[in-house]
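Secondary and tertiary structure notes
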Amino acid sequence: RGSYERAEGDRGASPSRGARGRGRGDGKASYGEGRRGQSSRGEHTRGGSSRGGGSSSGAHASADRRHGGRGGRGGGSPPPGSRGGRKSAVEPASPAAAARRNTMRQHTTTLSSCETCDEVLEYAETHARTFTAVNFSTAIHKLGKLNRSARGRRTRLASRLIDDPRFSNLETALAASLALFASPDVSTHPGADEFHGVWGAREVSCALWGFANCGRTAEMFADNGEHLGYINPARGATTAHCANLFADLLRKVAAFDGAAFSSQNLSNAVWALAKMHSGPGALLTDESLDALVWKATESLEGAIRDRLRTPPKGDAFIPQGVSNSMWALAVLKKHEHNRKTGDGSVVVNDGDNRDASYGISAETASAFSEYILAPGSVAGFKSMELSNIIWAISTMRCVVSRETGDALSEAVVRACDDAPHVFSTQSVANILWAAGNTPELVPLSTAALDRLAKMTYAKFPEFTTQGMANTLWGFAAANYNPGEGLFKEIRRAWVEKGDGYSVIELNNMLWAMHTLKASPGRKVFGSVHARVAALCAEDAKRESAELTFNHVANFMYHMAQYEELPDPCTMRMIEEALLRKIAARGGENVRRDSSNGGAFVSAHAARRAADAIQPHLVSNTLWAFSVLRYKPGESLMRAFDALVEARVEEYSDQSLSMTIFAYANLAFEPGSSTTAKLLTQCEARVTNGGVTPPGLSNSVWGW
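Examining the packing of helix H28 (residues 653-665) against helix H30 (residues 693-702)
- Where H28 meets H30, the closest approach of the two axes is 8 Å, and the angle between their N-to-C directions is 35°. In the packing of H28 onto H30, the handedness of the crossing is left-handed. Along its contact with H28, which presents Ser 657, Ile 660, Phe 661, Ala 664 and Asn 665, the element H30 presents Gly 695, Asn 698, Ser 699, Trp 701 and Gly 702.
- Counted by class, the contact of H28 with H30 contains four nonpolar, six polar and no charged residues.

With respect to the pattern of salt bridges
- Using the criterion set out here, one finds 24 salt bridges in the structure.
- Arg 251 is the partner of Asp 248 in a salt bridge, and the nearest nitrogen-oxygen pair spans 3.1 Å. With Asp 248 and Arg 251 both in helix H10 (residues 245-255) and three residues apart, the pair spans about one turn of that helix.
- Take Asp 248: its relative accessible area is 10%, and that puts it in the buried class.
- Note on Arg 251: relative accessible area 41%, which makes it partly exposed.

Describing the packing of aromatic side chains
- Applying the stated rule across the entire model yields 16 aromatic pairs.
- Judged by centre distance (6.0 Å) and plane angle (45°), the rings of Phe 625 and Tyr 630 are tilted.
- The interplanar angle of 40° and the centroid separation of 5.4 Å between the aromatic rings of Phe 661 and Trp 701 together place this pair among those described as tilted. In this pair, Phe 661 sits in helix H28 while Trp 701 sits in helix H30, placing the two residues 40 residues apart along the sequence.
- Every member of this aromatic cluster is reached through a ring pair, and the members are Phe 549, Phe 625, Tyr 630 and Phe 640.

What about the environment of Pro 615?
- Within the secondary structure layout, Pro 615 lies in helix H26 (residues 615-627).
- When the C-alpha positions of Pro 615 and Leu 656 are compared, they lie 9.5 Å apart, and in sequence the two are 41 residues distant.
- Each residue touching Pro 615, except ones within four places of it in the same chain, is listed here: Arg 647, Glu 650 and Tyr 651.

Notes on the environment of Ile 504
- By secondary structure assignment, the location of Ile 504 is in helix H21 (residues 503-515).
- The exposure class of Ile 504 is buried, given its relative accessible area of 4%.
- The spacing of Ile 504 and Phe 555 is 51 residues in sequence and 8.8 Å in space, taken between C-alpha atoms.

About the cut-offs
- Residues numbered from 1 in each chain as written.
- Predicted model: local features only at pLDDT ≥ 70, side-chain atom pairs only at ≥ 80, totals over all residues.
- Heavy atoms only, no water.
- Axes fitted to C-alpha atoms, helices over the stretch in contact; angles between N-to-C directions.
- Helix = DSSP H or I, 4+ residues; strand = E, 2+ residues; numbered from the N terminus.
- Left-handed = near helix turned anticlockwise from the far one by under 90°.
- Contact = heavy atoms within 4.5 Å.
- Nonpolar A, V, L, I, M, F, W, Y, C, P; charged D, E, K, R; others polar.
- Salt bridge = Lys/Arg side-chain N within 4 Å of Asp/Glu carboxyl O.
- Buried < 20%, exposed > 50% of the residue type's maximum accessible area, 1.4 Å probe, protein only.
- Phe/Tyr/Trp six-rings, centres within 6.5 Å; stacked < 30°, edge-to-face > 60°.

Shown next as structure tokens:
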């Protein structure tokens, strides 16, 4: 059966909220399977770097019907037990081994014919004690296929399956089977006469694919009492019954020689591993488990690179396999970057929606380029596969040749012309995000941008709020004006869906409109102000990463660019949000003045917060207040003064002059220590001759 599932974006590294998953099943299942041809929307996820930075956490992989008969919508690789073959002449070592030998093919046949998740679970509940490795792999694979509308996320459908006691029992039994083969010393593994089967590359890849489509995530596997030594109070020990299962699977993947995988199994394994890391809980807390993920990723990257360059006869990658592999490596490399930085979000500065680099090796990048440029290869990519590749190149800063970028741009034009009906809005958003993020790596031609603009206008009602925000941002970052017709649609939708935008999406759209010299309009500003006030109110009840100091600072900067001052109530809520964020960065809560009940941040907390807050964000926010002629309360200004005093030596010439200008414009007298440091810095920079004329003018006026 076909090999590849559509991998949809997650917020954490996509510009888009995620492609819509398509389910296919029997209709009888109690887990929401639909009949063939009936689509069911996959859940959208939020959180992580994607919402933080507008960067796409992932594109999506399309179905392909050319590999192995039926295509990707059929799901995954062929069931691992469908190989056939002669009955073994080895005599069983025990009655239990005899039972496994006599029933393993029957188990595989029955599991493969099950039409609902209930049927699979009920059969496994009764017969798992005589399952072999291939039976366990088939069972999980089949459950993933029937439940694939969950697409690796803890949606309502996935939750019903994962929380079913029968599923837990199956995981426990599977973990016990896998543990028999966990030791690197193969001499300790069960002998052939015990008939436990073998956990080979095919079985492991099918199990990973099944778990990903059942809704299991890496976070869930890490969140167990036995493996980590603690219990998450918010969720309990979700996988304590199979504490080492994920780790054992990862060790197997890392240990396999690349030649052990078929191309289909190889792309399925890396796709599944990435899918488990593409949700809101992608940043794990267990370093040992993360290290295993990284080893497995490195092993898979090497196997993919070798397969691209020297494919076995009759088993080369098909275009969809290349697309899925690039997408998956980008997600996994991004996860590793987040693990090293300890932060799952991407900082956005003044409309800068550009992502950081996560990088594959130069050899792997070259292998992908060679495949794309091979005669006839690029023509085989569908629109979703193209968007996967382009998104991955941009996310990983994958250095490809100019010829590769031009070939992909031409392929986008052909896909728009030849099959516009299958070009999804997520594909449009991902391609444009990449073009803006790394124009030097993804140089879209004017012809490609023209067609994407027409596609955006034609399919405008289908865009999600995040998809539209990133599409507009991409046009602006590519310095391409899509026309007033599209701007009118954006303004209308912005007002209608105003309560659905995140602050990141708002900032990106405000930056894009300003860059393209298109005014949002009075109604849009009213909607934006109301949404920001609501986000501040939500944050006051339960502080979250949805609203950070960076987000609020960038919003105020954009308001100053437009000279649009929010209403007094919204401004008070913004002030309180900034105080909370400064206090939190300093490791404290906002304090209350006993005399008047006013909120304030201790000087100690503010100084500690300065280490985590970028200097230019402080100067930008002060500048924005001054341009809008809005003087914040004394407590917020004193907190800002502590931030300035702590890192003024690191301020750029522009940030320095902006800070002095803002203090003067707001009639605020900084502390004596801050004043002395500001003066010292100004004298040094003027003496060195590095200050620009506007900076010198603003500084002199301020003093």
